[in-house]
Amino acid sequence: MQVSSQDVTVVALLADPDTPTDIARRMARTLSARLADKSGQGRRFDVEVVSEPFTAGAEDPPTLMRRIMDRGSAENWDIVVALTDLPLHSNGRRLAVNLNHEHGLALLSLPSLGALRLQTRARRAVEEAVLGMAGPPTTGAEGPPRGQPLPETSVKRLAPVHPGRTGEKETDDLRYVAGGPRGYLRVLAGMVRANRPWLLVPGLSKALAAALATGAVATVNSTVWNLAASLSTPRLVIATVGSVAIMIGWLIIDADLWHRSAESSPEARQRARLYNASTVATVGIGVLVCYVGLMLINWVWALFILNDQVFASMTRTPLRAEEYWTLAWFVASVATVGGALGSGLESDEAIRAAAYSKREQERRRKLQNGQDG
């Protein structure tokens, strides 16, 4: 694919369904004008958005680049930028951007951009990739022409890699990887964001019903009053950590959310660790949101139902604001354990749907089918 004549460059945003497509469509509203403004020289850009599951059944960057190349060769596109919300790895490194200047191809892994300001970061990365490939090529000392690297502003904390030729199937001439602990955390945060952990709360209706019922009963139990009044802050913190850990572990084990790689290579193990870390973080955030919600509901319930004289006669402690919060805090831990038991009433599919994005669900389903086959 070469840049079109008459100073018009056709740019295709090939996006996986769901979040990548949403990002691409929002980006496309202003991308043509921004590219024309930054490129100068009277050049115009036509931007098309194509929503296709181009990563279906594959996580290997060379395979994905070949798919993008084949897809672009069948269309009148000059530059193709593919966006996916799957984390990609290459030679044990977390891939952020793959570029092929000769064919005008770019592959962008959205999790590598982190969790914050994703739309803005994705737009900048796409703009700079397109402008770099649309610009005049430079000739490397050891091989074919190569385009300009991405500007420093878009590759902050990303390390550039210039791979050598590995055979006829080499599909890129410049890579950017998210290196080091900060790069790992950035990719992990991006994966958690893609899973949308806040959706775990409405997705666990039966577990929440069990937790609310447990909390309502515990709030009017005099034994619970005495326990809450006698617990110190460190013990309340331990109760919180323990109940949340039980809930997280139960959900992961009961719904079989733990990723087990069928391969034994270091890269496969690294990928499995990253997926499992994102699962724990996703479920953990969702459970913490549920915990805070339970605490607030229990506090309101305690304000409505408790009698200060009865409470003081049972606990020998006056019912003050501190006692309301302490009781609500302790009851939230008790209710969370009850919610863990109630989560067993949820179907595995319901929990997976609450814990993962649609693309991640499809990826795990195909991976499981491949292992079963």
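Residues numbered from 1 in each chain as written. Predicted model: local features only at pLDDT ≥ 70, side-chain atom pairs only at ≥ 80, totals over all residues. Heavy atoms only, no water.

Naming follows an unreviewed UniProt entry, where the chain appears as 5,10-methylene-tetrahydrofolate dehydrogenase of Streptomyces neyagawaensis.

## A short note on the side chain of Arg94
Following the sequence through the fold, Arg94 ends up in strand E5 (residues 93-100). Of the residues examined, Arg94 reaches a relative accessible area of 12% and is grouped as buried. Not counting residues within four places of it along the chain, the set of residues in contact with Arg94 comprises Leu88, His89, Tyr176, Val177, Ala178, Gly179, Gly180, Gly183, Tyr184, Val187 and Gln270. (Helix = DSSP H or I, 4+ residues; strand = E, 2+ residues; numbered from the N terminus. Buried < 20%, exposed > 50% of the residue type's maximum accessible area, 1.4 Å probe, protein only. Contact = heavy atoms within 4.5 Å.)

## Some thoughts on the packing of helix H6 (residues 205-219) against helix H9 (residues 266-305)
Here H6 crosses H9 at 35 degrees, and the two axes come no closer than 10 Å. Handedness of the crossing formed by H6 with H9: right-handed. Of the residues in H9, those in contact with Leu208, Ala211, Leu212, Gly215, Ala216 and Thr219 of H6 are Cys290, Leu294, Ile297, Asn298, Trp301, Ala302 and Ile305. Its residues assigned to classes, the contact of H6 with H9 comprises 10 nonpolar, three polar and no charged. (Axes fitted to C-alpha atoms, helices over the stretch in contact; angles between N-to-C directions. Left-handed = near helix turned anticlockwise from the far one by under 90°. Nonpolar A, V, L, I, M, F, W, Y, C, P; charged D, E, K, R; others polar.)

## Examining H6
Here H6 is 15 residues long and its end C-alpha atoms lie 21 Å apart, about the 21 Å a rise of 1.5 Å per residue gives. Listing the buried residues of H6 in full gives Ala207, Ala211, Gly215, Ala218 and Thr219. Each buried residue of H6 sits inside an arc of 95 degrees when the element is viewed along its axis, so together they form one side. Close packing links the buried residues of H6 with helix H7 (222-230), helix H8 (233-254), H9 and helix H11 (321-342). (Expected span 1.5 Å × (residues − 1). Arc of directions from axis to C-beta.)

## A closer look at the UniProt feature "transmembrane region" (unreviewed entry) in the chain
Per the UniProt entry, the sites bearing "transmembrane region" (unreviewed entry) are residues 198-220, 232-253, 274-304 and 324-342 in this numbering. Taken end to end, residues 232-253 is 95% helix and 0% strand, and its two terminal C-alpha atoms sit 32 Å from one another. Between the first and last C-alpha atoms of residues 274-304 the distance is 45 Å; the span itself is 100% helix and 0% strand. (UniProt positions renumbered as here; feature names shortened; annotations may be inferred.)

## Side note on the packing of aromatic side chains
The tally for this structure, following the rule as stated, stands at three aromatic pairs. Taking 4.8 Å as the distance between ring centres and 10 degrees as the angle between the ring planes, the aromatic pair formed by Trp299 and Trp325 counts as stacked. Placement of the pair is Trp299 in helix H9 and Trp325 in helix H11, with a sequence separation of 26 residues. (Phe/Tyr/Trp six-rings, centres within 6.5 Å; stacked < 30°, edge-to-face > 60°.)

## Here we look at the packing of H8 against H9
Running from amino to carboxyl end, H8 crosses H9 at an angle of 130 degrees, the nearest separation of the two axes being 10 Å. As judged from the angle between their axes, H8 and H9 are oblique. Between H8 and H9 lies a crossing of right-handed hand. Taken together, the residues of H9 that come into contact with H8 (itself represented by Thr240, Ser243, Val244, Met247, Ile248, Leu251 and Ile252) are Thr279, Val280, Val283, Gly284, Val287, Leu288 and Tyr291. Partitioning the contact of H8 with H9 into residue classes produces 10 nonpolar, four polar and no charged. (Parallel < 35°, antiparallel > 145°, perpendicular 65-115°, else oblique.)

## Describing the environment of Asn307
Inspection of the secondary structure puts Asn307 in the loop between H9 and helix H10 (308-315). With 12 residues separating them along the chain, Asn307 and Leu319 place their C-alpha atoms 8.2 Å apart. Here the side chain of Asn307 touches Val310 through a polar contact of 3.0 Å, landing on its backbone nitrogen. (Polar contact = N/O pair within 3.5 Å; in protein donor to acceptor, adjacent residues only side chain to side chain.)

## A few points about helix H3 (residues 118-134)
With 17 residues, H3 ought to run about 24 Å at 1.5 Å a step, and its terminal C-alpha atoms sit 24 Å apart, in line with that. Most of H3 sits out of view: 12 of its 17 residues are buried.

## Structural notes on unusual backbone geometry
Even without being glycine, Asp18 reaches a positive phi, approximately 75 degrees. Here Asp18 lies in the loop between strand E1 (8-15) and helix H1 (19-39). Unlike most non-glycine residues, Arg316 shows phi in positive territory, near 60 degrees. Along the chain, Arg316 falls in the loop between H10 and H11.

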